[in-house]
Amino acid sequence: MSGWVMRVAAVLGLLWLGPGNAQAAQAKTRTQYTGVVNLNEATVAQLDLLPGVGEKAAQRIVTWRGKRAFKRIEELVRVKGFGKKQFLKLKPYLTLQGPTTLKVEKVPVRADEVRITGSVAKH
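Every chain is numbered independently, its residues counted from 1 as its sequence is written. Where totals are concerned, whole chains, interfaces and linings use all residues; where local detail is concerned, this predicted model gives features only for residues with pLDDT of at least 70, and gives and counts side-chain atom pairs only at 80 or more. Water and hydrogen atoms play no part in the side-chain values, which are based on all heavy atoms of the structure.

Counted as salt bridges are all cases of a side-chain nitrogen of Lys or Arg within 4 Å of a carboxyl oxygen of Asp or Glu. In total, this model carries 1 salt bridge according to the counting rule given. Where Arg72 meets Glu74, a salt bridge forms, and the shortest distance between an N and an O atom there is 3.5 Å. Judged by its relative accessible area of 29%, Glu74 is partly exposed. Only protein chains enter the accessibility calculation, which uses a 1.4 Å probe; a residue whose area is less than 20% of its type maximum is buried, one above 50% is exposed, and one in between is partly exposed.

Given two aromatic rings, their pairing is described by the distance between the two centres and the angle made by the two planes. Two aromatic rings, drawn from Phe, Tyr or Trp (for Trp, its six-membered ring), form a pair once their centres lie within 6.5 Å of each other, and the interplanar angle then sorts them: stacked below 30 degrees, edge-to-face above 60, tilted otherwise. On inspection of all chains with the given rule, the structure shows 2 aromatic pairs. An angle of 50 degrees between the planes, with centres 5.7 Å apart, marks the rings of Tyr33 and Tyr93 as tilted. Note that Tyr33 is positioned in strand E1 (residues 29-34) and Tyr93 in the loop between helix H4 (84-90) and strand E3 (94-95), a separation of 60 residues in sequence. For Tyr33, a relative accessible area of 24% gives the class partly exposed. The way it works is that DSSP assigns letters per residue, a run of H or I at least four long becomes a helix, a run of E at least two long becomes a strand, and they are numbered from the N terminus.

Once that is clear, we can look at the side chain of Gln86. Mapped onto the elements of the fold, Gln86 is located in helix H4. Accessibility expressed as a relative area gives 18% for Gln86, which makes it buried.

In this section: the side chain of Glu75. Secondary-structure assignment places Glu75 in the loop between helix H3 (55-67) and H4. For the purpose of charge, His is not counted, nor are the chain termini; Lys and Arg are scored as positive and Asp and Glu as negative. No salt bridge forms around the buried Glu75; measuring N to O, its nearest opposite-charge neighbour Arg78 is 4.3 Å away. Here a residue-residue contact requires only that any non-hydrogen atoms of the pair lie within 4.5 Å. With near-sequence residues (within four places) excluded, Glu75 lies in contact with Trp64, Ala69 and Phe70.

Mapped onto the elements of the fold, Glu105 is located in strand E4 (residues 103-108). What makes Glu105 partly exposed here is its relative accessible area of 39%. Sequence spacing of Glu105 and Tyr33 is 72 residues, and the spatial spacing of their C-alpha atoms is 6.8 Å. The residues contacting Glu105, other than those within four sequence positions of it, are Arg30, Thr31 and Gln32.

Glancing now at the nonpolar core. As a rule of thumb, soluble globular proteins bury nonpolar side chains together. Residue types Ala, Val, Leu, Ile, Met, Phe, Trp, Tyr and Cys, when buried and joined through side-chain atoms within 4.5 Å, form a set referred to as a nonpolar core. Counting residues in each nonpolar core, the largest one holds 21 residues, and the members touching the most others are Leu39, Leu47, Leu50, Ile61, Leu76, Phe82 and Leu94. Every element with two or more residues in this core is listed here: helix H2 (44-48), H3 and H4. Not counting residues up to four positions away in its chain, the partners in contact with Leu76 are Leu39, Ile61, Phe70, Phe82, Phe87, Leu90 and Leu94.

This part is about H3. The length a helix should cover is 1.5 Å for every residue beyond the first. Taking 1.5 Å as the rise per residue, H3 with 13 residues should run 18 Å; its terminal C-alpha atoms sit 19 Å apart, in good agreement. Within the sequence span of H3, burial applies to Ala57, Ala58, Ile61, Trp64 and Arg65. Down the axis of H3, the buried side of the element spans an arc of 120 degrees, and every buried residue falls inside it. Across from the buried face of H3, at angles greater than 90 degrees, the exposed residues are Glu55, Lys56, Gly66 and Lys67. On the buried face of H3, the contacting elements are strand E2 (37-38) and H2. By arc we mean the arc of the directions from the helix axis to the C-beta atoms, nothing more.

Any functional reading would require information beyond the geometric quantities listed.
Rendered as structure tokens:
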């Protein structure tokens, strides 16, 4: 389908759904992380699930721990590309004990999580 046909189909779909359902169709989602990653045992694919960590960075972690096991999760900052700021973002998801249980899923944004930005006109 060409781009304009897809746009027309989307507009017609929203008109057909009605205003209330159109808003539901555009519901926002956020990424939710639950569980932990064992730095000494996780695979590249499991490390890649961490927020802001790509495949190359995950491979650097595996390479680094091949030379020496992590004794503390804070040692992650010794791996190229991981500074203190990145570590603090990842800290809740890191462990050195037990299995890797990290799960990543898209969940709907609740009404109490929505932030309103911009200025409000006063009358």
